[in-house]
Amino acid sequence: MAKIRVKQVRSKINRPEDQKRTLEALGLRKMNQVVEHEATPQIIGMVRKVAHLLEVEELN
């Protein structure tokens, strides 16, 4: 299965609580933190929910 690299590039300050929890669920707790995940439908859905705060890169 494909992997994706997710980096938080915008702050979660002044964001709704559900978006903050989504970032935490993705493993992003600080600005510029990078995590890698399998590209499952659940992860893709979480990334789309907070896409305006992230940079996403597909890995081969």
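The structure under discussion appears in the preceding block.
Residues numbered from 1 in each chain as written. Predicted model: local features only at pLDDT ≥ 70, side-chain atom pairs only at ≥ 80, totals over all residues. Heavy atoms only, no water.

Concerning helix α1 (residues 17–26)
- Those residues of α1 not exposed but buried are Gln19, Thr22, Leu23 and Leu26. Taken down its axis, α1 places every buried residue within 100° of arc, on the same side.
- Its buried side turned inward, α1 meets β1 (3–8), β2 (34–38), α2 (41–49) and β3 (54–59).
- Note on α1: the residue one or two positions beyond its end, Gly27, has a positive phi of about 90°. (Buried < 20%, exposed > 50% of the residue type's maximum accessible area, 1.4 Å probe, protein only. Helix = DSSP H or I, 4+ residues; strand = E, 2+ residues; numbered from the N terminus. Arc of directions from axis to C-beta. Contact = heavy atoms within 4.5 Å.)

What to know about the nonpolar core
- Of all hydrophobic cores here, the largest spans eleven residues; its members are Ile4, Val6, Leu23, Leu26, Leu28, Val35, Ile43, Val47, Val50, Leu53 and Leu54.
- Put simply, the parts of the chain that give this core at least two residues each are β1, α1 and α2.
- When sequence neighbours within four positions are dropped, the list of residues in contact with Val47 reads Ile4, Val6, Leu26, Leu54 and Val56. (Core = buried A, V, L, I, M, F, W, Y, C linked by side-chain atoms within 4.5 Å.)

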